[in-house]
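Fold and geometry: a report
So you can see what is in the structure, the chains are spelled out below.
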Amino acid sequence: MNKLDKATLNFLEKELIDIQKNIEKKLSNLNNKSPSKLPETWKRKEGGGGQSISISGDVIEKAAVNFSSIYGRKLPASSIGSSNSNIYQSSGFHALGVSVISHPTNPFCPTSHMNIRIFIELSKNKSIKSWWIGGGFDLTPFFESTNDASFWHQAAKRTLDSFNKNYYKRFAKSCDEYFYLPHRDEKRGIGGIFFDQLQHKDIQSSMKLLKEIAKCYIDTYKTIIGKRKTKKFNALDRDFQLYRRGRYVEFNLLFDRGTKFGIESNGRADSILASLPPAVNWPHPKPTPLVNREKKLLKFLDKSWNERI
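Since the structure is predicted, the reported quantities are computational estimates derived from the model, not experimental observations.

Turning our eyes to something else, we now look at the sheet that holds strand β4 (residues 92–104). Strand order in the open sheet formed by 7 strands is β1-β2-β3-β4-β5-β6-β9, and the pairing between neighbours is antiparallel. Lying at the two open borders of the sheet, with one neighbouring strand each, are β1 (36–43) and β9 (191–198). With strand direction ignored, the average angle separating the axes of adjacent strands in the sheet is 5°. With 8 bridges joining them, strand β2 (residues 48–56) and strand β3 (residues 60–72) adopt antiparallel strand pairing. Paired with Ile55 across the two strands is Ala63, which belongs to β3. Each of β6 (128–140) and β9 is contacted by helix α2 (residues 146–161), which is oriented at about 30° to β9, the strand it contacts most.

Our focus in this paragraph is the pairing of β6. Burial of β6 is extensive: 11 of the 13 residues sit out of reach of the surface. Note: strand β5 (residues 111–122) against β6, 12 bridges, orientation antiparallel. Each residue of the ladder has a partner; that of Ser112, found in β6, is Leu139. Here β6 runs beside β9; their pairing, made up of 6 bridges, is antiparallel. Each residue of the ladder has a partner; that of Ile133, found in β9, is Leu198.

What follows deals with the side chain of Asp176. Mapping Asp176 onto the fold places it in helix α3 (residues 167–178). Buried and without a salt bridge, Asp176 has Lys187 as its closest oppositely charged side chain, separated by 4.0 Å. The residues contacting Asp176, other than those within four sequence positions of it, are Lys187, Ile190, Gly191 and Asn306.

Since one α-helical turn is 3.6 residues long, residues separated by three or four positions face the same way. Between the first and last C-alpha of helix α8 (residues 288–301) there are 20 Å, a value that for 14 residues agrees with the 20 Å anticipated at 1.5 Å per step. Buried within α8 we find Leu290, Glu294, Leu297, Phe300 and Leu301. For α8, the buried positions fall inside an angular range of 120° around the axis, keeping them on one side. In α8, the exposed residues that point more than 90 degrees away from the buried face are Thr288, Lys295, Lys296 and Lys299. Where α8 is buried, its residues touch α2, β8 (186–187) and α5 (235–254).

The subject of this paragraph is the packing of α2 against helix α4 (residues 203–228). Relative to each other, α2 and α4 sit at 160°, their axes nearing to 10 Å. Regarding the angle of α2 to α4, the classification is roughly antiparallel. The handedness of the crossing between α2 and α4 is right-handed. Counted together, Asp148, Phe151, Trp152, Ala155, Ala156, Thr159 and Leu160 of α2 and Leu209, Glu212, Ile213, Cys216, Tyr217, Thr220, Tyr221, Thr223, Ile224, Lys227 and Arg228 of α4 form the full contact between these two elements. Across the contact of α2 with α4, the residue classes tally to 11 nonpolar, 3 polar and 4 charged.

Residues Leu253, Leu254 and Leu273 make up a contiguous nonpolar surface patch of roughly 270 Å² in combined accessible area. Looking at the element boundaries, Leu254 is found in helix α5.

A few words now on α3. With 12 residues, α3 should reach 16 Å at 1.5 Å per residue; the first-to-last C-alpha distance of 16 Å fits that figure. Residues of α3 that are buried include every one of Tyr167, Tyr168, Phe171, Ala172, Cys175, Asp176 and Tyr178, and no others. Across the axial projection of α3, the buried residues extend over an arc of 170°, all falling on one side. Those residues of α3 that are exposed and aimed more than 90 degrees away from the buried face are Lys169 and Glu177.

Here we take up the pattern of salt bridges. For the structure shown, the criterion picks out 26 salt bridges. Among the salt bridges present, the one from Glu40 reaches Arg268, with a minimum N-O distance of 2.9 Å. With Glu40 in strand β1 and Arg268 in the loop between α6 (257–264) and α7 (269–272), the pair connects residues that are 228 residues apart, well separated along the chain. Judged by its relative accessible area of 17%, Arg268 falls in the buried class. Taking the shortest distance from any N to any O, the salt bridge between Asp161 and Lys157 comes out at 2.6 Å. Remark: Lys157 and Asp161 occur in helix α2; sequence separation between them is 4 residues, near one turn of the helix. Judged by its relative accessible area of 15%, Asp161 falls in the buried class. By sharing partners, the salt bridges in this structure join Glu186, Arg244, Arg247, Lys286 and Glu294 into a single network.

Moving on to the nonpolar core. One finds Ile23, Leu27, Met114, Ile116, Phe137 and Tyr217 to be the most contacted residues of the largest nonpolar core, which totals 65 residues. It is α4 that contributes the most residues to this core, 12 residues altogether. Core analysis: the next-biggest nonpolar cluster, separate from the first, contains 7 residues, Trp42, Ala95, Phe119 and Phe261 among them.

Attention now moves to the environment of Lys45. Here Lys45 lies in the loop between β1 and β2. With relative accessibility at 84%, the residue Lys45 sits in the exposed group. In sequence terms Lys45 and Asn266 are 221 residues apart; their C-alpha atoms lie 8.1 Å from each other.

Rules of the game
- Residues numbered from 1 in each chain as written.
- Predicted model: local features only at pLDDT ≥ 70, side-chain atom pairs only at ≥ 80, totals over all residues.
- Heavy atoms only, no water.
- Pairing = 2+ DSSP bridges.
- Helix = DSSP H or I, 4+ residues; strand = E, 2+ residues; numbered from the N terminus.
- Axes fitted to C-alpha atoms, helices over the stretch in contact; angles between N-to-C directions.
- Contact = heavy atoms within 4.5 Å.
- Buried < 20%, exposed > 50% of the residue type's maximum accessible area, 1.4 Å probe, protein only.
- Lys, Arg positive; Asp, Glu negative; His and termini not counted.
- Salt bridge = Lys/Arg side-chain N within 4 Å of Asp/Glu carboxyl O.
- Expected span 1.5 Å × (residues − 1).
- Arc of directions from axis to C-beta.
- Parallel < 35°, antiparallel > 145°, perpendicular 65-115°, else oblique.
- Left-handed = near helix turned anticlockwise from the far one by under 90°.
- Nonpolar A, V, L, I, M, F, W, Y, C, P; charged D, E, K, R; others polar.
- Patch = residues over 30% accessible without salt bridge, like charges linked within 9 Å, V, L, I, M, F, W, Y side chains within 5 Å.
- Areas by Shrake-Rupley, 256 points an atom, 1.4 Å probe, with all protein chains shown as cover.
- Core = buried A, V, L, I, M, F, W, Y, C linked by side-chain atoms within 4.5 Å.

Honestly, it's all geometry; don't read function into it.
Set out below in structure tokens:
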């Protein structure tokens, strides 16, 4: 596959749209009642566009499942995490991906995130000069569950081992390092996998890897939510959830490269910010019950779950 022709682009877009539809359907079905769904198709002035699907229901308070396929002349530095790259000498790029965020209502159900993407660097005649894939998924619980953490990481390892026995250890370590709030000295959650600038054999094989990562994510998350969504919770549980959601906001606005890429590439603002929770709170001063619960949670999050698998 040496050229980004129409057939190649159609193949990549169809694969990613199928992934988007599958995840949207399974997230929607987690609700006990039919959720509100809002699909929005958008176009980017510089080239390309996508579709954003927002979901709101009794179990999934807010979820966003976004597909994008954009192109242009200069790829933002946030796409590769470095300004030292020969890609700025290219004649153009095409970036495609699917991103997912899910914020459940029940505090005992964890928040989750997943994204998969493929970047293609182009020469003047639209031949493929270089390409790579990236993505991953992570889990952000508000209450400790060793079973959920182990199940999450075991599923990730099992999926990646079928492609390369070295991937899980590398990607899990990268995830812990990436989803970290330096100003808080805290991990965002229990981790998962995160990778970037990867070429797994050829483009078709890499797309197969991305498909299996997306399938692993939604099937594992669906199982966890299915076990937790009926658990009783009280006002204090909900207050703690809203308080800890603040960490999610801080990371996504201050450090997340996906957010930065969307903004730097003049993407659709509503889609970029769809990752933010629907309700959040930064209490000051923090009530003692929240302080005590947070100490327990942070001790749980600080464990290297990937090293226990």
